[in-house]
Each structure stands twice: as structure tokens, then as C-alpha cells.
Amino acid sequence: MIDISQLIYVLTIVAFVIGLIRMGNPATARSGILWAGIAMAFSIGITFFVPGLSNLILILPAVLIGAIIGFVAARRVAIVNMPQMVAIYNGMGAGAASTIAAIELIKLGNSSFNITIALAGAIIGNVSIAGSVIAFLKLQGWIRQKPVTFFLQQAVNLIIVAIGVFFGILFLLHGNFLIPYTSALIPFFVLTIGYGFLMALPIGGADMPVLISLYNAMTGIAVGLEGFAISNYAMVVAGILVGAAGTILTLAMANAMNRSVGAILAGGFGKTQSEDRTVSGNLKPISSEDVAVMLAYSSTVAIVPGFGMASAQAQFKVRDLSDMLISRGIKVFFAIHPVAGRMPGHMNVLLAEAGVPYDLLQDRDEANRAFQDVDVSLVIGANDVVNPAARIQGTTLYGMPILDVDKSKNVIVLKRGAGKGFAGIENDLFYMDKTKMLYGDAQESLSKIIQELKKL
Ligand code: NAP
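Residues numbered from 1 in each chain as written. Predicted model: local features only at pLDDT ≥ 70, side-chain atom pairs only at ≥ 80, totals over all residues. Heavy atoms only, no water.

A. Just the overall build of the protein, in detail. Of the regular secondary structure elements, the protein holds 16 helices and 6 strands. For the protein, buried positions account for 46% of its 456 residues. For the protein, restricting intrachain contacts to residue pairs at least 6 apart in sequence, the fraction spanning at least 24 positions comes to 77%. Accessible surface, the protein as shown: approximately 21,800 Å² in total, 66% of it carbon and sulfur. Charged side chains of the protein number 30 positive and 26 negative; the gap between the two group centres comes to 3 Å. (Helix = DSSP H or I, 4+ residues; strand = E, 2+ residues; numbered from the N terminus. Buried < 20%, exposed > 50% of the residue type's maximum accessible area, 1.4 Å probe, protein only. Contact = heavy atoms within 4.5 Å. Areas by Shrake-Rupley, 256 points an atom, 1.4 Å probe, with all protein chains shown as cover. Lys, Arg positive; Asp, Glu negative; His and termini not counted. Charge placed at Lys NZ, Arg CZ, Asp CG, Glu CD.)

Rendered as C-alpha cells:
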């Protein structure tokens, strides 16, 4: 039976890889998730046939309860609450890795190599589970979203994790003999979990997605290490895949936001700044009637969604509008910035939910080549990702690659009022001569434009 189980593990590993490749393209992403899900179900299923498995009476109800909670929660969660769901599920993965580590560590007769691997996995898993819990609480609004800072914070954090690691080394060196294992393992777990809580506290709620992505990568690494410790190859490969994909995503997000991962790790990330910069020009309001006329007489329209579209849940109206424009023979495309919204792929997920055809979506580079030929760019609740201040040295956004909406012939911005973007700075685009502001909730404004368009 052991051979068959190993064979099935290998097949599930292949299925994980296929799933991951398919997730790389939005057109095949759904089937990628299905591949990975089925592979995971097989991995769990085959584990029941591995010789020596005990405690079935505890494991089976736990699997059942977990599956029911996961299924119901995933079906019910609103798309805007997805980041916190990812955070808490990721935390559970890290918790599982830490639990395996704890069990392996209190077992007698493990080699030093296994203990080292289990300890390393436990440190990463503990930091990840504790940080994920803080991320969940902040995003859910159950604790203060603002960064929590105190005097000598980084030094205190460093000392706590260093003492935790010291107890881990003590356990590795003396194990159960010179020092009873509980005396070293308990402070090891308490301090490394404590460090995880403290590390996440200075990060602002809106910056959490980058941190969650980092925790996701850490969870993968922790699972991979524990897979080594218990010689489970499916865990090793699945952990490495998650660790690698999570690391790439973290770097891509940090890069797209022009921040460094080092600053995130130091806990100095996420403090939004305000700056004293005066922008010349004035804000020019426009009516929905005039917007409809401008759109109706355009040849090419770019739709640029941002966080405001998500918060207004305006994606369905956006789809209706783009359908209407296309049926009038107008060329329409959606310009998607990698960090528009508050989680990776936020705009893609919402637009897919509304049934916007994938081939209408253009990434930043593609869109930037097209803006000069665009008659009207319709900016729907986007701010930072279209802010030309990113090109001005010394601004908070300096260096972040943006969508060059200011290159299009006309710009219409849908937003409620004078609210700033996530970076908290003025947007030069809104003050340009070619830009007009349509104030109001994005969903309501779009409804009005659609009504006016129907009259033309
Ligand atoms: P943004 O800079 O956060 O701006 C959103 C704009 O939407 C605001 O100016 C707001 O203005 C408007 N708005 C809010 N609710 C609205 C509603 N109901 N109807 C109409 N407008 C509404 O958004 P963004 O351009 O998408 O930029 C995303 C930012 O988040 C970037 O700075 C990015 O670095 C950061 N970030 C992204 C991620 C990610 O993974 N995507 C993760 C972390 C951080 P009013 O209040 O005036 O309406």
C-alpha cells in the first residue's frame, strides 16, 4: 500500500504543478484552482491509507468540521472581504505546520537534522500564523487598522525573536536530557508566536495584502520544512510551490508599489504620509449628460478601474456601460494596474465576476502604449494608480509605475468628492485642463451615464 500511496502523492504533485501553471493566466485560472483542489483532496484522502495512522476517531470529525466551515465560509464571503479570508486560511496552514513541528519536537529519538528542520519550520510557521491573525483582525476592522508603534519597537521585536531562537537552539543542543524539553520548547513557541504578533502591529490595514502575500510564502516554506521533517514528499513539493509563488507575488506587489520587502520586514511599512505640495489648476465638475455625449462621440474609450469601483460594487454597471459602447461601434478596453484596489488581481476578479470578456483587459504596459489614441479615459474610483505625481521626485508615490491616463485626449474621473487615494496625496491628473470630475458614488454615476446614453 505504501508504494501506491507514494505513487498517488507523485501524481498529486504533478496536478499541483499543472494547477499552478493554469492559475498563471486569468482565462485558465478557474480550472487551475480545480486541479489544485482535486490534488489536495487526493493528498488528504491517500494519507488515510498510509500504514501506522492512528487517532482516526479525532482526525475524521476534524476533517469534516473543517471542510464544512471552509466550504460555507468561502461561498458566503463577499468579494471585498476576500483579503481577510485569505489571511485567516493562510494562518491555518501555518498553524498546521507549527502543530506538526510541535508534535515532531516532543517525540523522542529524532535526529538533530530533523529537530533543526522542525524548529526552522516552527519559527516561520509561528510568525506566519500570529501575523495572519493580526492581518485578519485589522482587515475585518476588529482591531485598530492604523499602525501600532512604540518606542524602540524594532529593537524589542529583535530581542524577543532572538531569545525565542535561543531557546530553540537550547532544545536542539540539550533536548530531553539536560533540560526537560518543556522548559525550552514552551518559551520557544511563546516568544516566536509573540514576535509574529508584534511584527504585524506596525503595518497599516490597507497595506496588509503585501504582508499577507509574504505570510503566504512563509507558510509554504514552513509546510515544506515540516514535510522534510516527517518525510512527506507531497508536503515538501506543495510547500515549495506555495513558497516560491508567494515570494514572486510579494516581490511583484512590492515592486508595483515601489516599496522594498526589507522595509516591510523591518515593520516600517504602511505608514501613509501626507505632503505639502500645491497642485496648479482647478477641479472641473461635469454632468452625467455631458459625459454620455463625450462617450457616444468617441472612437476609443479606456476604462480605468480602481479601489472606488470595488468599494461601490460598480463592476456590473461598468460591464453594462462597456457593452453599450461596444454595441455603438466604439472601441473599448480596460486598463488594469497590478496594484489597483486592495489585493492582487482585485480588478480582474471583479470584472470577471461581472462577465467582462478577458480579451478587453490590458495590462499596464499594453495600456500605456494605447493611451495616446484614446478619446476618453473613464477613471472609475482609481486615484494613486493614475497619479502623475509618481513621476515627481520626493512625492510619496515617486517611482511607482502608473497608468499614463494623462496621455489620453480627455479624462473623466468618477469619485465621490475630495477623497485622496491610499497614498494620501493630491492627484495632479484631476487638475489638468483635459480632466473633468463626475462626483458621486461610482455605481450611481454609472447608472446615470447609462440612462443618458440610452437617450442619445
Ligand atoms: P486609491 O488610490 O485607493 O483611490 C481610490 C479612490 O476611490 C479614492 O480617491 C476615493 O475618492 C474613490 N472612491 C472610494 N469609494 C468610492 C465610491 N464608492 N465611488 C466612487 N469613488 C470612490 O485606489 P487605486 O488607484 O486603485 O490605488 C490602489 C492603492 O492601494 C495603491 O496606492 C496601491 O499601492 C495600494 N495597495 C494595493 C494593493 C493591491 O494588492 N492591489 C495592496 C495594498 C495597497 P473619494 O473618497 O473622493 O470617492
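Text resumes after the structure shown.
B. Main features of the confidence of the model for the protein. Residues with a pLDDT of 70 or more make up 93% of the protein, whose mean pLDDT is 88. Contacts for the low-pLDDT stretch residues 268–274, under 50 throughout, to residues beyond four places or in other chains number 24 contacts. (pLDDT = per-residue confidence, 0-100.)

C. Focus on the pattern of salt bridges. For the structure shown, the criterion picks out 7 salt bridges. The partner of Asp375 in a salt bridge is Lys409, with the nearest N and O atoms 3.4 Å apart. Of this pair, Asp375 sits in the loop between helix H15 (364–370) and strand S4 (376–380) while Lys409 sits in the loop between S4 and strand S5 (410–415), and the two are 34 residues apart along the sequence. With relative accessibility at 16%, the residue Asp375 sits in the buried group. Its salt-bridge partner being Asp404, residue Lys407 comes within 3.7 Å of it at the nearest N-O pair. Here the salt bridges do not stand alone but share partners, grouping Arg391, Asp404, Asp406 and Lys407 into one network. (Salt bridge = Lys/Arg side-chain N within 4 Å of Asp/Glu carboxyl O.)

D. Summary view of the domain arrangement of the protein. Its domain assignment divides the protein into domain 1 (77–265) and domain 2 (288–455). With centres defined by C-alpha atoms, the gap from domain 1 to domain 2 works out at 38 Å. The partner domain 2 presents 17 residues to the 14 residues of domain 1 that form the contact. Across the domain 1 to domain 2 interface the summed buried area is about 1,200 Å²; carbon plus sulfur atoms make up 75%. Linking domain 1 to domain 2 there are 0 salt bridges. (Domains from an automatic or database assignment. Buried area = accessible area lost by both parts, 1.4 Å probe.)

E. Structural view of the site of the ligand. Of all residues adjacent to the ligand, which total 32 residues, the nearest are Phe307, Gly341, Asn383, Asp384 and Arg416. The backbone of Val339 places a nitrogen or oxygen atom 3.0 Å from a nitrogen atom of the ligand. Protein chains shield 96% of the accessible area of the ligand, which is 920 Å² for the free molecule. Elements with a minimum of two residues in the shell around the ligand: helix H12 (307–312) and S5. Take the shell around the ligand: its biggest share by element is 4 residues, from H12. (Near = heavy atom within 4 Å. Polar contact = N/O pair within 3.5 Å; in protein donor to acceptor, adjacent residues only side chain to side chain.)

F. Here's a closer look at the packing of aromatic side chains. Going through the model one piece at a time under the given rule, you end up with 4 aromatic pairs. A ring pair is formed by Phe166 and Phe167, whose centres lie 5.8 Å apart and whose planes are at 65 degrees; its orientation type is edge-to-face. (Phe/Tyr/Trp six-rings, centres within 6.5 Å; stacked < 30°, edge-to-face > 60°.)

G. Structural context of helix H6 (residues 153–174). Across its 22 residues, H6 extends 32 Å between first and last C-alpha, which sits within 8% of the 32 Å expected from 1.5 Å per residue. Among all positions of H6, only Gln153, Asn157, Val161, Gly164, Gly168 and Phe171 are buried. Here the buried residues of H6 occupy an arc of 70 degrees about the axis, which is enough to place them on one side. Along H6, exposed side chains directed more than 90 degrees from the buried face belong to Leu158, Ile159 and Leu173. Once H6 ends, the next one or two residues include Gly175, with phi positive near 45 degrees. (Expected span 1.5 Å × (residues − 1). Arc of directions from axis to C-beta.)

H. A look at the packing of helix H8 (residues 208–229) against helix H9 (residues 233–256). Closest axis-to-axis distance for the H8/H9 pair is 7 Å, and the angle between their directions is 160 degrees. Taken together, H8 and H9 sit at an angle that is classed as roughly antiparallel. Handedness of the H8/H9 crossing: left-handed. (Axes fitted to C-alpha atoms, helices over the stretch in contact; angles between N-to-C directions. Parallel < 35°, antiparallel > 145°, perpendicular 65-115°, else oblique. Left-handed = near helix turned anticlockwise from the far one by under 90°.)

I. The arrangement of the sheet that holds strand S6 (residues 435–439) in detail. Pairing in this open sheet of 6 strands is parallel, and the strands run S3-S2-S1-S4-S5-S6 from one edge to the other. In this open sheet, the two strands that pair with only one neighbour each are strand S3 (361–363) and S6. Strand after strand, the sheet turns through a mean of 25 degrees between neighbouring axes, direction not considered. Examined bridge by bridge, strand S2 (residues 331–336) and S3 share 3 bridges and lie parallel to one another. Looking at S3, one finds that Phe334 is bridged to Leu361. (Pairing = 2+ DSSP bridges.)

J. View of the environment of Val385. Summarising the element assignment, Val385 is placed in the loop between S4 and S5. On the basis of relative accessibility, which here comes to 6%, the residue Val385 falls in the buried class. Along the primary structure Val385 and Val339 are separated by 46 residues, whereas in three dimensions their C-alpha atoms are 7.5 Å apart.

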